[in-house]
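Architecture at a glance
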There are 2 protein chains.
Amino acid sequence: MDERQAVMAFAALGQENRFRVVRALVTAGPDGLAAGTLATEIGVSATNLTFHLKELSHAGLIQSRREGKSIIYSAAYEGLSDLITFLMRDCCQGRPEVCAPAVRDSAHA
Amino acid sequence: MDERQAVMAFAALGQENRFRVVRALVTAGPDGLAAGTLATEIGVSATNLTFHLKELSHAGLIQSRREGKSIIYSAAYEGLSDLITFLMRDCCQGRPEVCAPAVRDSAHA
DNA sequence: TCTACGTTTCAACAATCATTGAAACAATGG
DNA sequence: CCATTGTTTCAATGATTGTTGAAACGTAGA
């Protein structure tokens, strides 16, 4: 992952509704959620959700597939883990002051 | 760290110049860098840098102290590690598919 | 094929954000 | 106290982003 894409991903997560979409999709697991379900869950209009989904998709944080009439969105695990890795390595330089607590916490999560 | 603050931090990192400021400050270490030095390094005007620094400071990612005529900025390690922890735990639910690679990578960073 | 459903596209608008230059402020040295 | 250096504040502007409603598209069932 390069800086350009990392910044795009951060920008994508830096908006309340989009952040909630990602969390909902991670929680939903690989099966994902239909756009309509997401819209209800997050509390935004279908139109507006589409806008945010496109943003997240472009940032590589989610993916979609069609299933009958519905379009199912799911979290892009690789994109998310790449982002965390990039944040720890390239941005925070692997500094223990920054990274150690996160690693420690995640160990007994 | 709550969702509100995490989203603010992501938004702060989701802008090229601000992202570079954070990286420069992490690289600089606890001693930090004067605002003027940062402005030169990042390649933005002093005025514009102030705007971004305020944003980052408000997001809890950097801090400042006065030293003579200069104002020295430095990375807020705790804010950064809180963000990583939040991203792994609250957003990504500690899912191994997402978090394990990051932890593994950081181990031999 | 017609209709209904789920989703996206489009055009418009309001709101927020990034950038600029001029002016003000704070600290230091003469 | 004055001049200089480093930084911030302020007001203005252009650019980007978030939101909306109407219309279009794709799929499935009657």
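Above this text sits the structure in question.
Residues numbered from 1 in each chain as written. Chains lettered and ligands numbered in written order. Predicted model: local features only at pLDDT ≥ 70, side-chain atom pairs only at ≥ 80, totals over all residues. Heavy atoms only, no water.

A separate point is the overall build of chain A. Along the backbone of chain A there are six helices and three strands. When the helices and strands of chain A are read in sequence order from the N terminus, they spell out α-α-β-α-α-β-β-α-α. Taken along the three principal axes of its C-alpha coordinates, chain A extends 50 × 30 × 20 Å. The buried share among the 109 residues of chain A stands at 49%. Intrachain contacts of chain A at a sequence separation of at least 6 include 56% that bridge at least 24 residues. Computed over 11 positive and 12 negative side-chain charges, the separation of the two mean positions in chain A equals 5 Å. (Helix = DSSP H or I, 4+ residues; strand = E, 2+ residues; numbered from the N terminus. Buried < 20%, exposed > 50% of the residue type's maximum accessible area, 1.4 Å probe, protein only. Contact = heavy atoms within 4.5 Å. Lys, Arg positive; Asp, Glu negative; His and termini not counted. Charge placed at Lys NZ, Arg CZ, Asp CG, Glu CD.)

A separate point is the pattern of salt bridges. Counted under the stated rule, the structure contains ten salt bridges over all chains. Note that Glu-3 of chain A is salt-bridged to Arg-20 of chain B, the shortest N-O span being 3.0 Å. In this pair, Glu-3 of chain A is assigned in helix α1 (residues 3-13) and Arg-20 of chain B in helix α2 (residues 16-28), connecting two distinct chains. A relative accessible area of 32% means that Arg-20 of chain B is categorised as partly exposed. Salt-bridge contacts for Glu-67 of chain A lead to Arg-65 of chain A; the nearest nitrogen and oxygen are separated by 3.0 Å. A cluster of three or more residues bridged by salt bridges with shared partners is formed by Glu-3 of chain A together with Glu-16, Arg-20 and Arg-23 of chain B. (Salt bridge = Lys/Arg side-chain N within 4 Å of Asp/Glu carboxyl O.)

Residues and elements named next belong to chain A. If you walk across this open sheet you meet the three strands as β1-β3-β2, and the pairing is antiparallel. The open sheet terminates on both sides in strands that have one partner only, identified here as β1 (33-34) and β2 (62-67). Both β1 and strand β3 (residues 70-75) contribute to a ladder of two bridges, which runs antiparallel. Note that in β3 the partner of Ala-34 across the bridge is Ile-72. (Pairing = 2+ DSSP bridges.)

Let us now look at the protein's contact with DNA strand C. The immediate surroundings of DNA strand C are formed by 21 residues, with Gly-36, Thr-50 and Tyr-73 of chain A together with Thr-47 and His-52 of chain B found nearest. When atoms of DNA strand C within 4 Å of the protein are split into backbone and base, the sugar-phosphate part holds 62%. Taking Tyr-73 of chain A, its side chain carries an N or O atom lying 2.4 Å from a phosphate oxygen of DNA strand C. A distance of 3.0 Å separates a phosphate oxygen of DNA strand C from a polar atom in the side chain of Arg-18 of chain B. Those elements that place two or more of their residues in the surface near DNA strand C are α3 (35-42), α4 (46-58) and β3 of chain A together with α2 and α4 (46-58) of chain B. (Near = heavy atom within 4 Å. Polar contact = N/O pair within 3.5 Å; in protein donor to acceptor, adjacent residues only side chain to side chain.)

The next thing to look at is the pairing of strand β3 (residues 70-75) of chain B. It is a general feature of regular strands that their side chains alternate between the two faces of the sheet. Where strand β2 (residues 62-67) of chain B lies against β3 of chain B, six bridges are found, and the strand directions are antiparallel. The residue bridging Arg-66 of chain B from the neighbouring strand is Ile-71 of chain B, located in β3 of chain B.

Another point: the interface of chain B and chain A. Across the boundary between the two partners, chain B contributes 37 residues, which contact 37 residues of chain A. Together, the buried faces of chain B and chain A total about 3700 Å²; carbon and sulfur atoms form 70% of this surface. When residues of chain B are sorted by the area they lose upon contact with chain A, Glu-3, Phe-19 and Ile-84 of chain B head the list and together hold 15% of the total. In this structure, the connection of chain B to chain A is made through four salt bridges. Between Arg-23 of chain B and Glu-3 of chain A there is a salt bridge, with its nearest N and O atoms 2.4 Å apart. Counting across the interface, chain B meets chain A through ten residue pairs in polar contact (both at pLDDT 80 or more). Counting only elements with at least two residues in the side of chain B that touches chain A, the list comes to α1 (3-13), α2, α5 (77-91) and α6 (96-107) of chain B. For the side of chain B that touches chain A, the element with the highest residue contribution is α5 of chain B, accounting for eleven residues. The residue makeup of the side of chain B that touches chain A, split by class, is 20 nonpolar, eight polar and nine charged. (Buried area = accessible area lost by both parts, 1.4 Å probe. Nonpolar A, V, L, I, M, F, W, Y, C, P; charged D, E, K, R; others polar.)

Close contacts around DNA strand D come from 21 residues, with Thr-47 and His-52 of chain A together with Gly-36, Thr-50 and Tyr-73 of chain B the closest. At the protein interface, 61% of the atoms of DNA strand D within 4 Å belong to sugar or phosphate. Within the backbone of Ile-71 of chain B, an N or O atom sits 3.5 Å from a phosphate oxygen of DNA strand D. Listed by contribution, the elements that provide at least two residues to the surface near DNA strand D are α2 (16-28) and α4 of chain A together with α3 (35-42), α4 and β3 of chain B. Counted by class, the surface near DNA strand D contains six nonpolar, ten polar and five charged residues.

For the rest of this paragraph, the subject is the side chain of Ser-81 of chain A. Take Ser-81 of chain A: it is sitting in helix α5 (residues 77-91). Discounting residues that sit within four places of it in the chain, Ser-81 of chain A has contacts with Glu-97, Val-98, Pro-101 and Ala-102 of chain B.

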